[in-house]
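Below are the chains, spelled out letter by letter.
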Amino acid sequence: MPEASVSSNFIRDAVRADLADGRFTKVITRFPPEPNGYLHIGHAKAICIDFGIAQEFGGTCNLRFDDTNPSKEEQEYIDAIQENVRWLGFDWGARLYFASDYFDQMYRWAIQLIKAGKAYVDDQTAEQIRIKRGTLTEPGTPSPYRNRSIEENLSLFERMQAGDLPDGSRVLRAKIDMASPNLNMRDPVMYRIMAVPHHRTGDIWKIYPMYDWAHGLEDSIEEISHSLCSLEFEDHRPLYDWFLDELGIHHPRQIEFARLELNYTIMSKRKLLQMVEIKKVSGWDDPRLPTLAGLRRRGFTPESIRDFCERIGVAKANSMVDYALLEHCLREDLNKRVPRSMAVLRQLKVVLTNYPEGQVEELDADINPENLSSGKRKVPFSRELWIEQDDFREDPPKKFFRLAPGREVRLKYAYYITCNEVVKNPQTGEITELHCTYDPATRGGWSQDGRKVKGTSHWISTAHCCPAEFRLYDRLFTIPNPDEGNGFLSNLNPDSLQKISGYIEAGLSNAPAGNQCQFERQGYFCADPDSRPGAMVFNRSVSLKDSWAKIEGN
RNA sequence: UGGGGCGUCGUCAAGCGGUAAGACACAGGUCUUUGGAACCUGUAUUCGGAGGUUCGAAUCCUCCCGCCCCAGCCA
């Protein structure tokens, strides 16, 4: 129970109040993505809120694709979104809906509004409509077509859908108030002519509904109680309410909350798409991306993401959450459940001069010291080992507890070793290997005489390990808010991906993609789908906290 | 200079007239066969500012300041 005391939030309060005073008797929410891109962690927040509120109040949540603009939507996105929501851990049961399934009903309702004198066909161009809309401080001016007869509107609207009017030549508009201080109420467009085949309805429709017109109807048809959306739709709520009131149909309550912003990354679908298209990243599932597909490939767990969404809360203030919180949630989740292993990323050879040639010992190592019931594994030990370059310093600085000439450290689960000689390449001066001696009396990594060693290194037997590629990720952008300066593309971090070759325990040489582990003292990793037997690829999901790096950095 | 929102610790965020939760981050410390984890301690006399109401205000009122959103036939 990580969250003993879950804070309230204004949405919970509102829903509770609506149930208490009878405004609604059951809670039905919906997650309404447009299938024009992949889901990202910002959507995860919305999903957790939409499904979470429903669960909390014993209601249901629909998955509904808001597919009202076929020019931008694709089946690939529909499939990916469903997979991502399911992966995140939410179930919409049989309640998979599509706005496009409601096009007929919407059309009939449009005719109802026309007949009520509340909607009209406008012949003005997009440009003219824009100009006549007025400005923030000046009212708009009515279209010359605003007072057409109902009969003419009806016939024109039918012709729009019949396909004998060119794209963009006419729109259907709601007749509300061209002088409204809320621009959304200045006769908003309800339908545009777009002779584009739809991924689900084919070429039946020549006109497609606009968001403002469609969304409330979709909610109403599904008898949604609470339509939860992000802040920028607050201005649209009067219009949402207007359509529903004019039609006299079921009227959900729209409540807006602040979107999630995460520092050092970008959340705009448009910008994510752009990075995918110009190949700044390998695809929608590039592990550096905040997409759910990317986070998944990177090694984030659904549990950690849900925990994150719970911790960030829900409010109406625009805010930017620290990426460190997301990382914290992942570490906390993985620490308890993931097996440990040893891997050397940047190898330095150690030769134990007093260890018998050809001898191999099978040493016991904990699979997960946080959960001893997970048992032990055997790790082969021999005369030649790899250790991490960072675990040796020829000239150790203060507070450096690791190996150095004349020093003794522990090889985890193995023996204490002492460094006696540093072997260098005579040409370059580069350290090629270390000659050390081991203390046979310290088998397992502890000594009977109570002698203490400050440092513990991980290691791997050169003869028993397997080569592997490690992909180390850093933040995708160099500054907290990538939109600052000359645009997000100018703030890309050139070092966001580093590929290095090292060694892993043989037991991991056939790990399936997605397999997660902690490489001791390094971080949490997961096998990438690019892996092949004998040529494993591991993504570093998140490093372990490194207080030595912090000491040394300052 | 129109309308709609928002301003509580470095970052999120509770608080709903009774005297500032929690989390992350940060800083110390204990412990440790991961310089990990765990555990302890510290960190807003103050809630954008100024007035006012009240025995009492982050919470109510007034004015001011700052930030975000809206002029797509996108969602």
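This one's a predicted model, so the numbers in the text were calculated from it and none came from an experiment.

1. Considerations on the overall build of chain A
Logical step 1: Along chain A, the regular secondary structure elements total 13 helices and 27 strands.
Logical step 2: On C-alpha atoms alone, chain A measures out to a radius of gyration of 31 Å, which is more than a quarter above the 24 Å that the 2.2 N^0.38 rule sets for 554 residues.
Logical step 3: Considered along the principal axes of its C-alpha atoms, chain A spans approximately 100 × 55 × 40 Å.
Logical step 4: For chain A, the residues scored as buried account for 51% of the 554 residues in total.
Logical step 5: Sequence separation of 24 or more characterises 70% of the internal contacts of chain A that already satisfy a separation of 6 or more.

2. Observations regarding the sheet that holds strand β2 (residues 60-65)
Logical step 1: If you trace the 3 strands from one edge of the open sheet to the other, you get β1-β2-β3, paired in parallel fashion. Two strands bound the open sheet, and with one partner strand each, they are β1 (28-31) and β3 (96-98). Each adjacent strand pair in this sheet contributes to an overall mean axis angle of 35°, direction not counted.
Logical step 2: In this structure, β1 lies alongside β2, joined through 4 bridges in parallel fashion.

3. Description of the sheet that holds strand β25 (residues 516-519)
Logical step 1: Ordered in space as β12-β25-β26-β27-β23-β24-β13, the 7 strands form an open sheet in which the pairing is mixed. Where the open sheet ends on each side, the last strands, each with one partner, are β12 (340-341) and β13 (343-344).
Logical step 2: Note: strand β23 (residues 465-473) against strand β27 (residues 536-543), 4 bridges, orientation parallel. Directly across from Arg471, in β27, lies its bridge partner Asn539.
Logical step 3: Packing of helix α12 (residues 323-337) onto the sheet brings it into contact with β12, β25, β26 (523-527) and β27, and relative to β27 it is tilted by some 115°.

4. Some details on the domain arrangement of chain A
Logical step 1: Split by domain assignment, chain A resolves into domain 1 (10-259), domain 2 (269-339 + 468-553) and domain 3 (343-458).
Logical step 2: Once you take the C-alpha centre of each, domain 2 and domain 3 turn out to be 29 Å apart.
Logical step 3: Taken together, the 22 residues of domain 2 in the interface contact 25 residues of domain 3.
Logical step 4: Broken down residue by residue, the surface that domain 2 buries against domain 3 is led by Tyr503, Arg521 and Trp548, which jointly contribute 35%.
Logical step 5: Our enumeration of links across domain 2 and domain 3 arrives at 4 salt bridges.
Logical step 6: The partner of Glu520 in a salt bridge is Lys412, with the nearest N and O atoms 2.9 Å apart.
Logical step 7: Inspection of the domain 2/domain 3 interface yields 11 residue pairs in polar contact (both at pLDDT 80 or more).
Logical step 8: Those elements giving two or more residues to the side of domain 2 that touches domain 3 turn out to be α12, β23, β24 (497-505) and α13 (547-553).

5. A closer look at the side chain of Asn539
Logical step 1: When you line up the elements, Asn539 lands in strand β27.
Logical step 2: Taking relative accessible area as the criterion, Asn539 reaches 0% and is therefore assigned buried.
Logical step 3: A distance of 2.7 Å separates the side chain of Asn539 from the side chain of Asp528, its partner in a polar contact.
Logical step 4: Those residues in contact with Asn539 that sit more than four places away from it in its chain are Pro287, Arg297, Arg298, Arg471, Tyr473, Tyr524, Phe525, Cys526 and Asp528.

6. Description of the nonpolar core
Logical step 1: Formed by 65 residues in total, the largest nonpolar core has its most connected members in Ile305, Phe470, Ile504 and Phe538.
Logical step 2: Sorting elements by how many residues they give to this core places helix α2 (residues 41-56) first, with 9 residues.
Logical step 3: Each of domain 1 (10-259) and domain 2 (269-339 + 468-553) accounts for three or more of the residues forming this core.
Logical step 4: Met106, Leu165, Met185 and Tyr208 belong to the second-largest nonpolar core, a separate cluster that totals 37 residues.

7. Remarks on helix α9 (residues 269-277)
Logical step 1: Those residues of α9 lying buried are Lys271, Leu272, Met275 and Val276. Looking down the long axis of α9, one finds its buried residues gathered within 140° of arc, a one-sided arrangement. Turned more than 90 degrees away from the buried face of α9, the exposed residues are Arg270 and Glu277.

8. Structural notes on helix α11 (residues 302-312)
Logical step 1: Of all the positions in α11, only Pro302, Ser304, Ile305, Asp307, Phe308 and Cys309 are classed as buried.
Logical step 2: The inward-facing, buried residues of α11 contact α2, α3 (75-88), β10 (261-262), α10 (292-298), β11 (320-321) and α12.
Logical step 3: Among the residues trailing α11, Gly313 stands out with phi positive, at a value near 75°.

9. Re the confidence of the model for chain A
Logical step 1: With 99% of its residues at a pLDDT of 70 or more, chain A shows a mean pLDDT of 96.
Logical step 2: A low-confidence stretch, residues 1-5 (pLDDT under 50), is modelled with 3 contacts involving residues beyond four sequence positions or located in other chains.

10. Observations regarding the protein's contact with RNA strand B
Logical step 1: In the vicinity of RNA strand B, 70 residues are found, and the nearest of them are Arg340, Phe401, Arg402, Gly444 and Ser547.
Logical step 2: In RNA strand B, atoms within 4 Å of the protein come from the sugar-phosphate backbone in 64% of cases.
Logical step 3: Contact between RNA strand B and Glu234: a sugar or linking oxygen at 3.4 Å from a side-chain N or O atom of the residue.
Logical step 4: Elements represented by at least two residues in the surface near RNA strand B include exactly α5 (126-132), β6 (189-193), α11, β11, α12 and α13.
Logical step 5: Residue classes in the surface near RNA strand B are distributed as 27 nonpolar, 20 polar and 23 charged.

11. Observations concerning the packing of aromatic side chains
Logical step 1: One pass over the structure, following the stated rule, counts 27 aromatic pairs.
Logical step 2: An aromatic cluster is built from Phe103, Tyr107, Phe157, Tyr191, Trp205, Tyr208, Trp213, Trp242 and Phe243, whose rings are joined through pairwise contacts.
Logical step 3: Against the face of Phe98 rests Arg200, its NZ or CZ located 3.5 Å from the ring centre.

12. Some details on unusual backbone geometry
Trans is the common state for peptide bonds, and a negative phi is the common state for residues other than glycine.
Logical step 1: Even without a glycine there, the phi angle at Lys279 is positive, about 60°.
Logical step 2: With respect to the element layout, Lys279 can be found in the loop between α9 and α10.
Logical step 3: Phi is positive for Arg521, close to 70°, though the residue is something other than glycine.
Logical step 4: Along the chain, Arg521 turns up in the loop between β25 and β26.

Conventions used here
- Residues numbered from 1 in each chain as written.
- Chains lettered and ligands numbered in written order.
- Predicted model: local features only at pLDDT ≥ 70, side-chain atom pairs only at ≥ 80, totals over all residues.
- Heavy atoms only, no water.
- Helix = DSSP H or I, 4+ residues; strand = E, 2+ residues; numbered from the N terminus.
- Rg over C-alpha atoms; globule rule 2.2 N^0.38 Å.
- Buried < 20%, exposed > 50% of the residue type's maximum accessible area, 1.4 Å probe, protein only.
- Contact = heavy atoms within 4.5 Å.
- Pairing = 2+ DSSP bridges.
- Axes fitted to C-alpha atoms, helices over the stretch in contact; angles between N-to-C directions.
- Domains from an automatic or database assignment.
- Buried area = accessible area lost by both parts, 1.4 Å probe.
- Salt bridge = Lys/Arg side-chain N within 4 Å of Asp/Glu carboxyl O.
- Polar contact = N/O pair within 3.5 Å; in protein donor to acceptor, adjacent residues only side chain to side chain.
- Core = buried A, V, L, I, M, F, W, Y, C linked by side-chain atoms within 4.5 Å.
- Arc of directions from axis to C-beta.
- pLDDT = per-residue confidence, 0-100.
- Near = heavy atom within 4 Å.
- Nonpolar A, V, L, I, M, F, W, Y, C, P; charged D, E, K, R; others polar.
- Phe/Tyr/Trp six-rings, centres within 6.5 Å; stacked < 30°, edge-to-face > 60°.
- Lys NZ or Arg CZ within 6 Å of the ring centre and 35° of its normal.

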